[in-house]
Amino acid sequence: MDLRSELLKSIWYGFTALDLEKSGKVSKSQLKVLSHNLCTVLSIPHDPVALEEHFRDDDDGPVSSQGYMPYLNKYILDKVEEGCFVKEQVDELCWTLTAKKNYKPAKDNNNVLPGKDAFHLWSLFNFLSEDKYPLVMVPDEVEYLLKKICMAMSVELNCVELEDFISQDAVQQNGFTVWSFLEMMNTGKITRGMGQEITSMAIEEVYREIVADVLKEGYLWKKSQLRRNWKERWFTLRPITLDYYTSEDRKERQGSIALDGNCCVEVLPDRDGKRCMFCLKTLSKTYEMSASDTKQRQEWTAAIQTAIRLHSEGKTSLHKDLKLKRREQREQREKRRLAKEEEQQRFQALQEEKEHKLAELELLKEAQRQAQALLEQDEMRRRQHHEEMQQALEVQLREAKESRATMQAEMVLKEEEAERQRKRIKELEEMQTSLEEALQQEIKARQDEEVFRYAQTGLLSEEEDKMKALMALQEEQEEYILKTQREKQELRQEMENKSRALEEAQRQLEEVRANRYRVDQDVVAAQRKLRQASTNVKHWNVQMNRLMRPIGPGEKRPSGGGSFSSFQIPSQRDPGLRLRQRSEEQDEESKENMDNNSSSASNGDMDIP
């Protein structure tokens with residue numbers, strides 16, 4: 001049901017209210033006033049000359065609804081833009097016009113609804129009525145609306161009074177009109193005599209839920225985006241937005257959150273002294289909220305998810321979708337009822353056919369009995385004739401011989417006729433057997449069909465349960481995917497940090513290796529210089545030994561050659577000799593140190609200072 005259809009329902013009441021004589025026509029002056037008021041509440045420019053130009057070829061008489069529709073579509077409804085006007089104002093205008101003429105409750109009735117409640121019920125009736133004129137509401141939709149109102153009042157619907165009212169002839173033939181519906185509500189029998197204030201609150205709640213597309217309302221604590229403090233706000237959830245106000249009178253709106261397919265709802269753990277927390281994530285912001293208890297949090301999260309699902313499916317109203325589904329269910333029930341009636345008719349036709357075949361079978365049996373009687377009579381006549389022939393045989397032997405051939409031919413013909421009769425009887429018996437088998441097969445097919453129908457019903461219910469479970473699993477999977485993505489991002493960050501640390505350690509190791517290689521080169525060069533110096537020291541020590549060894553008086557040279565190793569020079573007499581020995585000891589110690597250093601360097605275990 002689009003916006004144009006909704007507006008036409010309200011305007012239809014306004015047009016019929018101006019038709020005082022119930023002739024289906026309204027004067028041009030009244031249509032001018034109606035058009036001007038419609039343009040005002042619909043926020044479109046009004047063209048006062050358009051109506052005259054549209055009907056300039058007609059006389060000055062009244063205009064019918066068919067004549068007014070082209071003007072209404074062209075100059076008013078085609079210019080309407082959704083969101084630029086308040087539809088409740090259009091409904092109030094049309095209700096004011098039609099209520100003066102049609103809504104006249106009895107003044108002595110104590111259960112008369114206030115004007116605001118009557119207007120809300122009128123708007124609910126228009127929303128749930130069928131898309132055909134004059135506007136009526138089927139009993140199923142009336143029962144649905146009354147159940148919603150009674151549920152809001154926490155009472156049970158008085159089904160006895162409702163069935164008594166539905167059983168009226170006018171209601172059964174045409175359905176509920178809005179005036180008969182308001183008359184039934186004014187009796188107070190449906191609401192079980194509840195207080196007027198409770199009834200008004202229930203009607204207001206149902207009106208806002210169904211007509212105003214309010215999925216849920218109530219107080220929630222909201223965390224501020226700037227100061228990060230918590231404030232209590234009155235939230236109103238619709239299929240496309242989540243508005244929040246200072247209080248439940250909805251006079252000061254503090255903000256609005258646009259809902260789309262990119263939004264999601266998540267349950268949060270308790271913190272900051274708040275419990276039953278959840279958050280609504282959009283592409284730009286994350287809104288944190290806290291409910292009064294776990295049940296309220298579950299209801300709010302489910303309602304917001306429903307709004308997001310409606311937006312992703314391209315639907316703007318939950319109850320419009322529910323109304324279409326209920327209408328489809330009624331159409332399917334009607335189709336099933338018609339199919340059942342057709343099936344019963346076919347069954348009756350089969351029964352009649354069966355009875356007709358049974359009658360034919362009885363006729364065939366009667367014909368069989370008659371044929372058997374004829375056959376018996378023929379047999380008796382033949383026997384009588386045979387006896388007569390035998391009696392006449394003695395008298396007329398010659399005539400019997402001559403007629404013998406003729407008699408045999410007649411006997412053959414009679415036998416053939418009898419054989420044909422027997423075959424006919426056998427065929428009739430087989431036909432009877434086949435008819436009985438066909439009847440049994442038909443009965444079994446009916447039973448199998450009923451079994452298949454019950455099985456199909458069970459499968460459909462099982463499919464609905466599995467679909468609900470699948471939706472729940474899909475939601476859990478989406479939450480798990482989000483959690484996995486966050487963990488994956490944290491792991492990727494940690495791996496990058498470890499990779500940077502490893503690269504730094506490798507760089508430091510390369511620097512240490514380079515320093516070690518330079519130190520090894522320096523040690524090798526020092527060892528080479530040390531060996532060279534040691535060789536030079538040995539050479540000069542030999543030369544010094546030759547030069548520093550004196551020859552005492554009266555000593556002889558040894559006979560073994562020119563070596564001076566056999567001479568012993570006292571150390572206390574020769575200080576130069578002590579100096580030479582000390583230098584030799586130092587040379588030996590330095591040589592041992594060099595040998596040790598060279599061995600450790602060759603093994604690759606040298607410590608780097």
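Below: a short report on this structure. (Residues numbered from 1 in each chain as written. Predicted model: local features only at pLDDT ≥ 70, side-chain atom pairs only at ≥ 80, totals over all residues. Heavy atoms only, no water.)

### So, the pattern of salt bridges
1) Next: Within this structure, the stated rule accounts for 38 salt bridges.
2) Next: Between Lys 147 and Glu 143 there is a salt bridge whose closest N-O contact spans 3.3 Å. With Lys 147 and Glu 143 both in helix 7 (residues 139-152) and four residues apart, this pair spans about one turn of that helix.
3) Next: Given the relative accessible area of 42%, Lys 147 is considered partly exposed.
4) Next: With its nearest N and O atoms 3.9 Å apart, the salt bridge here joins Glu 510 to Arg 513. Here Glu 510 and its partner Arg 513 are both found in helix 14 (residues 397-548), three residues apart, which amounts to about one turn of the helix.
5) Next: When salt bridges with common partners are traced through the structure, they connect Glu 130, Glu 141, Arg 326, Arg 327 and Arg 330 into a single cluster. (Salt bridge = Lys/Arg side-chain N within 4 Å of Asp/Glu carboxyl O. Helix = DSSP H or I, 4+ residues; strand = E, 2+ residues; numbered from the N terminus. Buried < 20%, exposed > 50% of the residue type's maximum accessible area, 1.4 Å probe, protein only.)

### Some points on helix 12 (residues 294-312)
1) Next: Between the first and last C-alpha of helix 12 there are 27 Å, a value that for 19 residues agrees with the 27 Å anticipated at 1.5 Å per step.
2) Next: Next to the buried residues of helix 12 lie strand 3 (216-223), strand 4 (230-237), strand 5 (241-245), strand 7 (264-268), strand 8 (277-281) and helix 13 (318-393). (Expected span 1.5 Å × (residues − 1). Contact = heavy atoms within 4.5 Å.)

### Here we look at the pairing of strand 5
1) Next: Counted residue by residue, strand 5 has five buried out of five residues, so it is predominantly covered.
2) Next: Of the two faces of strand 5, the one lined by Thr 241, Asp 243 and Tyr 245 and the one lined by Leu 242 and Tyr 244 are each fully buried.
3) Next: The sheet contact formed by strand 4 and strand 5 spans four bridges and is antiparallel. Paired with Phe 235 across the strands is Tyr 244, a residue of strand 5.
4) Next: From the end of strand 4 to the start of strand 5, which pair antiparallel, there are three residues.
5) Next: Bridge count for strand 5 against strand 6 (residues 253-258) is five bridges, and the pairing is antiparallel. (Pairing = 2+ DSSP bridges.)

### Side note on a negative patch on the surface
1) Next: On the surface, Glu 475, Glu 476, Glu 478 and Glu 479 cluster together into a negatively charged patch.
2) Next: Turning to its location among the elements, Glu 478 is positioned in helix 14. (Patch = residues over 30% accessible without salt bridge, like charges linked within 9 Å, V, L, I, M, F, W, Y side chains within 5 Å. Areas by Shrake-Rupley, 256 points an atom, 1.4 Å probe, with all protein chains shown as cover. Lys, Arg positive; Asp, Glu negative; His and termini not counted. Charge placed at Lys NZ, Arg CZ, Asp CG, Glu CD.)

### Regarding the sheet that holds strand 6
Strands in a sheet are paired, the pairing made by backbone hydrogen bonds, and the direction either parallel or antiparallel.
1) Next: Sheet architecture is open: seven strands sit in the order 6-5-4-3-9-8-7, paired in antiparallel fashion. Both edges of this open sheet fall to strand 6 and strand 7, since each of them pairs with a single strand only. The average undirected angle you get between the axes of adjacent strands in this sheet is 35 degrees. (Axes fitted to C-alpha atoms, helices over the stretch in contact; angles between N-to-C directions.)

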